[in-house]
Protein chains: 2
Amino acid sequence: MKSPKDGVQSVSRALILLQELARSDDGLRVSDLARTTGLAVSTAHRLLTTLEQHGFAQFEPETTLWHVGREAYAVGSAFGRRRNFVAPALPFLKRLRDVTRETANLGILDGNQLVTISQVESREIMRAISNPGGQVPVFCSGMGKAIVATWTDEDIKALAERAGLPPMTSKSLRSMDEVFVDIHRTRERGYALDDEEHVTGLRCVAAEVWSPQGEAVCAISVSGLAARLTDARLDSIGQQIRKAANELTQQLGGTPQNHSR
Amino acid sequence: MKSPKDGVQSVSRALILLQELARSDDGLRVSDLARTTGLAVSTAHRLLTTLEQHGFAQFEPETTLWHVGREAYAVGSAFGRRRNFVAPALPFLKRLRDVTRETANLGILDGNQLVTISQVESREIMRAISNPGGQVPVFCSGMGKAIVATWTDEDIKALAERAGLPPMTSKSLRSMDEVFVDIHRTRERGYALDDEEHVTGLRCVAAEVWSPQGEAVCAISVSGLAARLTDARLDSIGQQIRKAANELTQQLGGTPQNHSR
DNA sequence: CTCGTGTTTTCCACATTGTGAAAAACCTTT
DNA sequence: AAAGGTTTTTCACAATGTGGAAAACACGAG
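Not measured: the values here are computed from a predicted model. (Residues numbered from 1 in each chain as written. Chains lettered and ligands numbered in written order. Predicted model: local features only at pLDDT ≥ 70, side-chain atom pairs only at ≥ 80, totals over all residues. Heavy atoms only, no water.)

A. Spotlight on unusual backbone geometry. Unlike most non-glycine residues, Arg101(A) shows phi in positive territory, near 65 degrees. Tracing the chain through its elements places Arg101(A) in the loop between α5 (86–100) and β3 (103–110). Among the residues examined, Arg101(A) registers a relative accessible area of 51% and is labelled exposed. Notably, Glu196(B) is not glycine yet its phi reads approximately 60 degrees, a positive angle. Looking at the secondary structure, you find Glu196(B) in the loop between β6 (192–195) and β7 (202–210). (Helix = DSSP H or I, 4+ residues; strand = E, 2+ residues; numbered from the N terminus. Buried < 20%, exposed > 50% of the residue type's maximum accessible area, 1.4 Å probe, protein only.)

B. A look at the sheet that holds strand β7 (residues 202–210) of chain A. Residues and elements named next belong to chain A. A sheet is described by the order of its strands in space; here six strands give the open sequence β5-β4-β3-β8-β7-β6, paired in antiparallel fashion. Looking at strand neighbours, the two that pair on one side only are β5 (135–137) and β6 (192–195), the edges of this open sheet. The mean inter-strand angle of the sheet, taken between neighbouring strand axes irrespective of direction, is 30 degrees. Together, β6, β7 and β8 (216–225) form the strand contacts of helix α9 (residues 231–251), whose direction differs from that of β7 by roughly 25 degrees. (Pairing = 2+ DSSP bridges. Axes fitted to C-alpha atoms, helices over the stretch in contact; angles between N-to-C directions. Contact = heavy atoms within 4.5 Å.)

C. Broad picture of the environment of Ala44(B). Within the fold, Ala44(B) resides in helix α3 (residues 41–53). Beyond its immediate stretch of four places on either side in the chain, Ala44(B) contacts Leu17(B), Ala34(B) and Leu39(B).

D. Representation of α3(B) within the structure. For α3(B), spanning 13 residues, the distance from its first C-alpha to its last is 18 Å, which sits close to the expected 18 Å at 1.5 Å a residue. Of all the positions in α3(B), only Thr43(B), Ala44(B), Leu47(B), Leu48(B), Thr50(B) and Leu51(B) are classed as buried. Buried residues along α3(B) cover an arc of 155 degrees about the axis, so they all sit on one side. Against α1 (9–23) of chain A together with α1 (9–23), α2 (30–37), β1 (57–60) and β2 (65–68) of chain B lie the buried residues of α3(B). Looking one or two residues beyond α3(B), the residue adopting positive phi is Gly55(B), at roughly 85 degrees. (Expected span 1.5 Å × (residues − 1). Arc of directions from axis to C-beta.)

E. Representation of the UniProt feature "domain: HTH iclR-type" (unreviewed entry) in chain A within the structure. Residues annotated by UniProt as "domain: HTH iclR-type" (unreviewed entry) correspond here to residues 8–70 of chain A. Taken end to end, residues 8–70 of chain A has its terminal C-alpha atoms 24 Å apart, with 59% of it in helix and 13% in strand. (UniProt positions renumbered as here; feature names shortened; annotations may be inferred.)

Now the structure itself:
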């Protein structure tokens, strides 16, 4: 009967209680919890009070109902804080790589730069262009523009002023006007485009991913040689990225917002 | 040595490990955790694997680091769900963030502490100050004071005695007299102010939100560097928060009461 | 007011369960 | 190949968690 590999019994039970609590919206009584988890009432009670002492559970004396506590919230939100979208994003990146045969990327905004967090490489000959961890000026990056396009115009302006518009190539956006034209097109299209604005010969199509808070947290993109990412393919790829970004958003517990503002 | 009333030892320890994990943004090793919590390495390891089996902790083999797991997030968000004003509040927070360009927060009173439930970050460079789930002594917090100002003087006194007046900074309220002076000003103004009373260099403007039962259930606030939240801007921002809080109240089916009592 | 039935909470003897020292299995690094 | 640093596993022991039963509440009905 004793299974050596189930971990610590009492801890397991306490966690199961927590999950049970989370399942219910308006609280549970000790005896209910004991029944649904198959524990003795006294045991359930003991575990619950332990959880309560640490703030993971909350007891309402007037109604004698148990709820999930603030500390559970605090600890849980640490999970959200962490860049934990990289793992769930991987399958999506892989699929994008497979259908487009180009490199797929995941990036976040860090300060004034866009940094590539994760990347699934194309299998073509010319592939690794920007390596993971690499930083790119926001407005020279498809992913950067995808994220920024969800912001208000004032915020975008402020960021552009802070970050500047370094001319990486001859096609880089050079003026505030050009930026806003591009952002508008991005919002209309539903995906962002970097047409050799960062590196000559390199194109990139990107869409943003939303957090449960309703903010654009990161973006995914497909990048490859302009010679291969032809105008003809561009929109089809754009749609696919948009779709993948929405699905990833959903999986992260967010809802895709509308791009237009 | 055996203290009968500290609950179940192993569960306590597991929870402490979780909190420790939450504290760190980029993961911890077993041995670090063991040291900081004072547990034997093997014990820590056993507890962690138990947490992992239930998804509350996450282990990255390649880097041998432990993180908070998805299940902790799932359970924690049940806490937010119960406080069902967090979703409707989001648009208001976003708007506040957009017009003030500072961080907007939503907080509730939990026991003697004010806990930040939700937050929409400013896009300026210096932003994340307190993370969601964080706790602050009531009287060092704009949101805390906004809520408390709706109470009777006796209730306030009782709370202050229970919770104490921890001097977080040199500007923190230190005496019952100072508390009541501040509360009076808050009631007159219609919004509460935290002028570097929690963290030096940080200001915060807040107003309370009413439930249909006619109780102040939560508060919203805007916080930012004192250097940016200048005296000149303060009143204008205060008015805007007051307005947003009233609108949110309305949307929740409550009616904004009058602050004076 | 008293009894009855539903709770939650406390107690306690017992052995199941969790414990930590130490050893084993892994890694990198030199 | 050896030396430090890890993470895992093992194991003998007793401290720790267990659940039945009893006590303390809380409410409604008679």
